[in-house]
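Chain and residue survey
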Amino acid sequence: MNNEAQSTSSGDAADLEKADLDTVYQSLATSAKGLTSAEAKERLDKYGRNELVDQEVSNLMKFLAFFWGPIAWMIEAAALLSLLMQHWADFSIIMVLLLYNAISGFWQELKASDALAALKAGLAPKATALRDGEFVGIDAAEVVPGDVLRIKLGEIVPADVRFIDGEYISIDQAALTGESLPVSKKIGDEGYSGSIAKKGEMNAVVIGTGNNTFFGRTASLVASAGSASHSQQATTKIGDFLIIISVLLCIILVGFELHSDIVLKHGWQWDDLADIARMVLVLLIASIPVAMPTVITVTNSMGAQALAKKKAIVSRLEAIEELAGVDILCSDKTGTLTKNILTLGDPILFEAKTADEIVLAGALASEKGSEDAIDKAVSEFLKDPKVLDDYKVTKFVPFDPVGKRTEGDVTDAQGKALCFTKGAPQVIIDLCNLDGDTKTKAEKAVEDLAAKGVRALAVAESSDEGKSWSFLGILSMMDPPRDDSRTTIQQAKDHGLRVKMVTGDDVAIGNQISGQLGMGSHLIAAADMFTKDMDMDHMPARIEECVDKADGFGRVFPEHKYGIVKALQHRDHIVAMTGDGVNDAPALKQADCGIAVSGATDAARAAAALILTAPGLSTIIDAIEESRRIFERIINYILFRVAMTLDIMFVVVLATVFFGFSPLTPVMIIMLALLDDIPIMTIAYDNTELPNEPVRWHMRRLLVVSSIMGMAAVVQSFGLLMIGMEWLSNPEWQSWIKLTQEQVQTGVFLQIVAGGHLLLFVMRARGSLFNPPWPAMPLVMAILGTQIFAVLMCGFGWFVTAIPWTIIGMIWGYLLVWMLVLNVVKLIPKSCKHYT
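A brief structural summary. All chains use their own residue numbering, which begins from 1 and follows the written sequence. This being a predicted model, a pLDDT of at least 70 is required before a residue's local features are given, and a value of 80 or more before pairs of side-chain atoms are given or counted; all residues contribute to the totals for chains, interfaces and linings. The basis for every side-chain value is the complete set of non-hydrogen atoms in the structure, without hydrogens or water.

Note on conventions: DSSP H or I runs of at least 4 residues are helices, E runs of at least 2 residues are strands, and numbering of each starts at the N terminus. For the protein, the count of helices and strands is 30 helices and 24 strands. Here the protein holds 836 residues, and the buried ones make up 55% of them. Taken as a whole, the protein presents about 35,300 Å² of accessible surface, with 58% of it coming from carbon and sulfur. Each residue's exposure class comes from its accessible area (1.4 Å probe, protein chains only) as a fraction of the maximum for that residue type: buried when under 20%, exposed when over 50%, partly exposed otherwise. To measure how exposed things are, a 1.4 Å probe is used in the Shrake-Rupley method; for residues, cover is taken only from the protein chains shown.

Our focus in this paragraph is the nonpolar core. Grouped burial of nonpolar side chains is what soluble globular proteins tend to show. Judged by nonpolar contacts, the single largest core of 119 residues is most densely connected at Leu610, Ile638, Leu664, Trp697, Met709 and Phe749. Of the residues forming this core, the biggest block, 21 residues, is contributed by helix α24 (residues 618–659). Counting residues in hydrophobic clusters, the runner-up holds 32 residues, among them Ala567, Leu568, Ala604 and Ala607. For the purposes of this section, nonpolar cores are sets of buried Ala, Val, Leu, Ile, Met, Phe, Trp, Tyr and Cys residues that join through side-chain atoms within 4.5 Å.

Counting buried positions over the eight residues of strand β17 (residues 455–462) gives six, a clear majority of the element. At least two DSSP bridges between two strands are needed for those strands to be called paired. Note: strand β16 (residues 417–423) against β17, five bridges, orientation antiparallel. Opposite Lys422, over in β17, you have Val459 as the bridge partner. In this sheet, strand β18 (residues 470–478) lies alongside β17 in antiparallel orientation, the contact comprising seven bridges. Bridge assignment links Ala458 to a residue of β18, and that residue is Ile474.

Now for the packing of helix α25 (residues 666–680) against helix α29 (residues 777–796). Orientation is described by lines fitted to C-alpha atoms, with helices fitted over the stretch in contact, and by angles between N-to-C directions that extend from 0 to 180 degrees. The geometry of α25 relative to α29 is characterised by a closest axis approach of 8 Å and an angle of 160° between their N-to-C directions. Viewed along their axes, α25 and α29 adopt a mutual orientation that is roughly antiparallel. Two packed elements cross with a definite hand, and for α25 against α29 that hand is right-handed. Contacts between α25 and α29 involve Met671, Leu675, Pro679 and Ile680 from the former and Ala782, Ile783, Thr786, Phe789 and Met793 from the latter. Here the residues of the contact of α25 with α29 are counted per class, giving eight nonpolar, one polar and no charged. Here roughly perpendicular refers to angles of 65 to 115 degrees, roughly parallel to angles under 35, roughly antiparallel to angles over 145, and oblique to all remaining angles. Helix crossings are classified by the rotation of the near helix relative to the far one: an anticlockwise turn of less than a right angle makes the crossing left-handed, while a clockwise turn makes it right-handed. For this analysis, residues touch if any pair of their heavy atoms sits within 4.5 Å. Note on residue classes: Ala, Val, Leu, Ile, Met, Phe, Trp, Tyr, Cys and Pro are nonpolar, Asp, Glu, Lys and Arg are charged, and everything else, Gly too, is polar.

Let us look at a negative patch on the surface. The grouping of Glu39, Glu42, Asp132 and Glu134 at the surface amounts to a negative patch. Considering the arrangement of structural elements, one finds Glu39 in helix α3 (residues 37–47). According to the relative accessible area criterion, Glu39 is partly exposed, its value standing at 32%. For patches, a residue must show more than 30% relative accessible area and have no salt bridge; joins then use 9 Å for like charges and 5 Å for nonpolar side chains, namely Val, Leu, Ile, Met, Phe, Trp and Tyr. Salt bridge, as used here: a side-chain nitrogen of Lys or Arg that lies within 4 Å of a carboxyl oxygen of Asp or Glu. His is not counted, nor are the chain ends, whereas Lys and Arg count as positive and Asp and Glu as negative. Note that the charge is assigned to NZ on lysines, CZ on arginines, CG on aspartates and CD on glutamates.

This part takes up the sheet that holds strand β11 (residues 328–332). Judged by pairing direction, the sheet is mixed, and its eight strands sit side by side in the order β10-β24-β23-β22-β11-β19-β21-β20 without closing on themselves. Each edge of the open sheet carries a strand with a single partner, namely β10 (312–314) and β20 (523–525). Here the strands of the sheet are splayed against their neighbours by 20° on average, with no regard to which way each runs. As paired elements, strand β19 (residues 498–502) and strand β21 (residues 552–554) share two bridges and run parallel to each other.

What follows is about unusual backbone geometry. Cis rather than trans, the peptide bond between Pro772 and Pro773 has omega equal to 5°. Within the fold, Pro773 resides in the loop between α28 (741–763) and α29. Non-glycine residue Lys311 carries a positive phi angle of around 70°. Mapping Lys311 onto the fold places it in the loop between α12 (292–309) and β10.

Here α24 crosses α25 at 170°, and the two axes come no closer than 12 Å. Overall, the two elements α24 and α25 adopt an arrangement that is roughly antiparallel. Between α24 and α25, the residues in contact are Tyr637, Phe640, Arg641, Met644 and Ile648 and Leu672, Asp676, Asp677 and Ile680, respectively. Broken down by class, the residue content of the contact of α24 with α25 amounts to six nonpolar, no polar and three charged.

Another point: the sheet that holds strand β6 (residues 183–185). With antiparallel pairing, three strands are arranged side by side in an open sheet as β6-β5-β8. On the outer flanks of this sheet lie β6 and β8 (196–200), each paired with one strand and no other. Neighbouring strand axes in the sheet, compared pairwise and without regard to direction, differ in orientation by 35° on average.

With respect to the element layout, Glu190 can be found in strand β7 (residues 190–191). No salt bridge is formed by the buried Glu190; the nearest opposite charge belongs to Lys185, separated by 4.2 Å. When neighbours within four sequence positions are excluded, Glu190 is seen to be in contact with Glu17, Lys18, Val161, Arg162, Phe163 and Lys185.

Turning to the pattern of salt bridges, a few remarks are in order. In this structure the tally under the stated criterion is 21 salt bridges. Between Lys549 and Glu545 there is a salt bridge, and its shortest N-O distance comes to 3.0 Å. With Lys549 and Glu545 both in helix α20 (residues 541–549) and four residues apart, this pair spans about one turn of that helix. On the basis of relative accessible area, Glu545 is assigned to the partly exposed category, the value being 32%. One connected set of salt bridges, linked through shared partners, spans Lys310, Glu626, Arg629 and Arg633.

A cluster of nonpolar residues, Val667, Phe789, Phe796, Trp798, Phe799 and Trp805, forms a patch on the protein surface that exposes about 650 Å² of accessible area. One can find Phe799 in the loop between α29 and α30 (805–826).

Position of Asp189 relative to the elements: it lies in the loop between β6 and β7. Residue class for Asp189 comes out buried when judged on its relative accessible area of 18%. For this analysis, a polar contact is any N or O atom pair within 3.5 Å, provided that within protein one partner can donate a hydrogen and the other can accept it, and provided that sequence-adjacent residues contribute only side-chain to side-chain pairs. A distance of 2.9 Å separates a polar atom in the side chain of Asp189 from the backbone nitrogen of Lys186. With residues near it in sequence (within four places) discarded, Asp189 still touches Val161, Arg162, Phe163 and Ser184.

With that settled, the discussion passes to the pairing of strand β22 (residues 575–579). In terms of burial, β22 is a largely internal element, five of the five residues being buried. Because side chains alternate across β22, one face comprises the buried residues Val575, Met577 and Gly579, and the other comprises Ala576 and Thr578, equally buried. Sheet topology note: the β22/strand β23 (residues 593–596) ladder contains four bridges and is parallel. Of the residues in β23, the one forming a bridge with Ala576 is Cys593.

Scope: geometric values only; no functional claims are made or implied.
Rendered as structure tokens:
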């Protein structure tokens, strides 16, 4: 596509939606006679094909992105150092974990649908264009600005157009604008690409194609929407924190070793460099939470499986953690909170004597078997549909946007000719030539219904072939709330969420439904806040405040929904957006957790992070509860992992500085990573408290609490090391059980393996570890199995130097005492009950 030409016409297309038709013809250098083939080819070269253009990132680049980031850098640095030092066992294990993290993350991203591909699929494949004076069938992709198209019943509008000829056409643009009913168009009205012709046939001139359409601008918003998840940001901060600690400790370690070699030993050899590199490798490996991305991925994946059983499909794993922190839920109205089915309320009677009489009259003014939403609503309200069999339809006049009414001419069972009509109240009132008081009463009834957000449909009857009409009354129509919507909204509030309605319908209609559902009735028109030239990424503070305070919004277009989500995010809210149409896709993509409801379009599903397969919103409550439990499990793991990482790093440095040797070998540290983290993956099944409020990543609290516990664990580990070193130099103890320095290393290894898992039992409980909820059986069994293996490993000397069974028993006694100490330490910080 010629981007320059397309961008040049972008502003013009928006202006051409409102300009008079003569201006449209002049601006596009066209006429009602259409284009020649030569002109069409020239414009195709200038404006490009009528397709959505996007820049796709290759799968290779998506995969390589998983090797970029603080924790990935730490793992890669350790792998490189292991390779240079030819520590093949260390290198192999590190690379396996690194590749697993990347492959699992890439696979989850690959499974998510491409929003732009779904939007492309919605474009019309064929079009009928007036070329060289004749209507011919062409590919929709070859439609150009200035083309004259013929759009008929059932066809998809292939581009943005202005209607120029024909009686009328009814267009369903609900998926684009959120309007719950098809919209009738007349000459001069605009039509949007991707909408569907439901009735009638008209000719139209093309004013915009490809990305320069309402549909294309929606696609552009989808492409530009989205940002790094809070989970990704949190993981990055944890990585940065550990990198800073690791670098500082490496500087201390290297400085100490150089001072020892050069100053104290009065010399320096190349072999000393290898020793220093070996110590740095040990520290570097110790500082990396190698399995953190894997454990988080596995925990989220397990949660995704649990959510799938509750009719919620996760397309982006990070959405689970985002949903746990959501504090504002923006919900579309039509088809989400409501049934998307028009139903009749109690009729307002004038000359009709009963409700059945006016409903029958309305049904006789409807086309039998019609798919029109109003005709269906009226006909289905009949108590006995067979009553229609007593009448024979002789003529039916469909609705048109000029006359604004339908008419059915029938003969009854006695052969009497009757006429029935239904339509816009003002039109029917004028048709019946009502007297002053009756007219005032009718107009007041219509105004009252409108104030409640209820549509009004007037019905009249004529027994003299339409020469005079009797005003039977007014039918009220509305799209009623889903049966479970009010309960779901209340449950959302009970879970600490504010719910805002966001709809393309009129404010009055939105207020009525919002009030019925207990969502508040302070809805405002989006156009009152968002000007046409406003930058949705940089809105004034007063607009953001207005968005925050409103109960919801009416007359909303896609860029408005996107802007609403952005404004709330700028106000530090975590936002979930529900929707089902193309018009919802940009906001679904931008939201922290986009939720496509049951029956959503492909574009909405592709943009969403969570896809509901059961009708209504009730599934969201189940998803929120499950996501908060998952979030709690991840927080428990991170608290444990950061504390243990600090423990290992500081013990390695302190031992090197005070005792001149490393308490752990590289193989031991790799085994620690495996024995500590692989069983911990069963934390995905753990029992947790269900928070009543949204939970967030509060990094300061998390790092402070984990650092306090990490330092306490350092005291525990270094204390055991000091006992071991004292044992080596104490003849009396050595005469009881003789130990070597290698056996002391094994003792420290066992203490960290076992102490780490006991620390997890302490950290997983918000209060005392002796209070419920108790650990889940899979977690208990995995840890028990790991500890048995670690004891056998140390007792029989697998991968480490064997130590006496008596020493193993003493270490376990030491650990159990420390578990009680750590349980008390954990309760000291006032914020420890609110890690999240």
